[in-house]
Amino acid sequence: MQCELRYNRIDSDFYLLPSNLDSTNSSFIYGEVCAKDIIHVLKDLNIEGNINFVDIGSGCGKLVIDIANNFKDSWCTGIEIHQQRHAKSIDLLDNFPDILGTTEFSCADFQTVYFGNYDVIYCCNTIFSKEDNKKLYNKILREFSGYVILFNWDYCMKPYLLKSYRVNTSWEKSVEIFVFYV
């Protein structure tokens, strides 16, 4: 089953957009991050034990499942707007019975999710449209308190910037990500 969690193994169908999503919106482009790299970031920040983690744009759920498997006392959530990717995350989760009670996936737009329920927000927002990123930053600053891991950021986030790391992704090795504490 570990083979299915490899960040650089992506089914080509997940690059396609259903007709209900706007094909001109770059926010729906797909890629994966190396979960081991994100786990390293969390451990480097001394984030351990019981956390409430959310992945905005969780795709097929690989990162959420890996986080749940490595932080056993945590609640992990994936939010994905693309129905087929969301369905794949549900199917994948069925193969990990140890985390079924503490891991969930929701097919939703991030704008409908209350961020205040989480301790850690992860979002691969590198492909988000400028408008979607602005909505994301404003929502974080309005509703959230805790760690935020982003690929891009705006000046409004600068006061909260802690540090940056390098992670491997399906589209490029050694991509810079940024950690904030709000």
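Residues numbered from 1 in each chain as written. Predicted model: local features only at pLDDT ≥ 70, side-chain atom pairs only at ≥ 80, totals over all residues. Heavy atoms only, no water.

**Observations concerning the environment of F144**
Its location among the elements puts F144 in the loop between helix 4 (130-143) and strand 5 (147-150). With a relative accessible area of 5%, F144 lands in the buried category. Separated by 23 residues in the primary sequence, F144 and I121 place their C-alpha atoms 8.8 Å from one another. Setting aside anything within four residues of it in sequence, one finds F144 in contact with F115, Y118, D119, V120, I121, K139 and V182. (Helix = DSSP H or I, 4+ residues; strand = E, 2+ residues; numbered from the N terminus. Buried < 20%, exposed > 50% of the residue type's maximum accessible area, 1.4 Å probe, protein only. Contact = heavy atoms within 4.5 Å.)

**Comments concerning the confidence of the model for the chain**
Taken over all residues, the pLDDT of the chain has a mean of 87, while the share at 70 or more is 84%. Note that pLDDT drops below 50 for residues 14-18; the model gives that stretch 16 contacts with residues more than four away or on any other chain. Considering only residues more than four positions removed or in separate chains, one finds that residues 21-28, a stretch of pLDDT under 50, has 19 contacts. (pLDDT = per-residue confidence, 0-100.)

**Some thoughts on the pattern of salt bridges**
Here the structure, examined in full by the defined rule, presents 5 salt bridges. One salt bridge connects K62 with E32, and the closest N-O pair in it is separated by 4.0 Å. Placement of the pair is K62 in helix 2 (residues 62-70) and E32 in the segment before helix 1 (35-44), with a sequence separation of 30 residues. Take E32: its relative accessible area is 7%, and that puts it in the buried class. (Salt bridge = Lys/Arg side-chain N within 4 Å of Asp/Glu carboxyl O.)

**Re unusual backbone geometry**
A positive phi is found at N46, a non-glycine position, where the angle reads about 60 degrees. On the basis of relative accessible area, N46 is assigned to the exposed category, the value being 64%. A positive phi angle, near 60 degrees, is found at S174, a position not held by glycine. By the element assignment, S174 lies in the loop between strand 6 (161-167) and strand 7 (175-181).

**Focus on the side chain of K139**
By secondary structure assignment, the location of K139 is in helix 4. Judged by relative accessible area, which is 5%, K139 ranks as buried. Beyond its immediate stretch of four places on either side in the chain, K139 contacts F110, Q111, V113, F115 and F144.

**Some words on helix 1**
The complete set of buried residues in helix 1 reads A35, D37, I38, I39, V41 and L42. Of the surrounding secondary structure, the elements contacted by the buried residues of helix 1 are helix 2, strand 4 (120-123), strand 5, strand 6 and strand 7. At the exit of helix 1 stands N46, carrying a positive phi of roughly 60 degrees.

**Comments concerning the packing of aromatic side chains**
Enumeration over the complete set of coordinates arrives at 6 aromatic pairs. Ring geometry for W153 and F180: centres 5.8 Å apart, planes at 65 degrees, overall edge-to-face. Note that W153 is positioned in the loop between strand 5 and strand 6 and F180 in strand 7, a separation of 27 residues in sequence. Relative accessible area serves as the criterion here: at 29%, W153 is assigned to the partly exposed category. One aromatic cluster in this structure is built from Y122, F151 and W171. Residue placement shows K43 over the ring face of F71; its charged tip is 6.0 Å from the ring centre. (Phe/Tyr/Trp six-rings, centres within 6.5 Å; stacked < 30°, edge-to-face > 60°. Lys NZ or Arg CZ within 6 Å of the ring centre and 35° of its normal.)

**Points about the packing of helix 1 against helix 2**
Their axes nearest at 10 Å, the elements helix 1 and helix 2 cross at an angle of 45 degrees. By the angle between their axes, helix 1 is oblique relative to helix 2. Where helix 1 crosses over helix 2, the two elements pack in a sense that is right-handed. Contacts between helix 1 and helix 2 pair A35, I38, I39 and L42 from the former with L63, D66, I67 and N70 from the latter. Considered class by class, the residues forming the contact of helix 1 with helix 2 number 6 nonpolar, 1 polar and 1 charged. (Axes fitted to C-alpha atoms, helices over the stretch in contact; angles between N-to-C directions. Parallel < 35°, antiparallel > 145°, perpendicular 65-115°, else oblique. Left-handed = near helix turned anticlockwise from the far one by under 90°. Nonpolar A, V, L, I, M, F, W, Y, C, P; charged D, E, K, R; others polar.)

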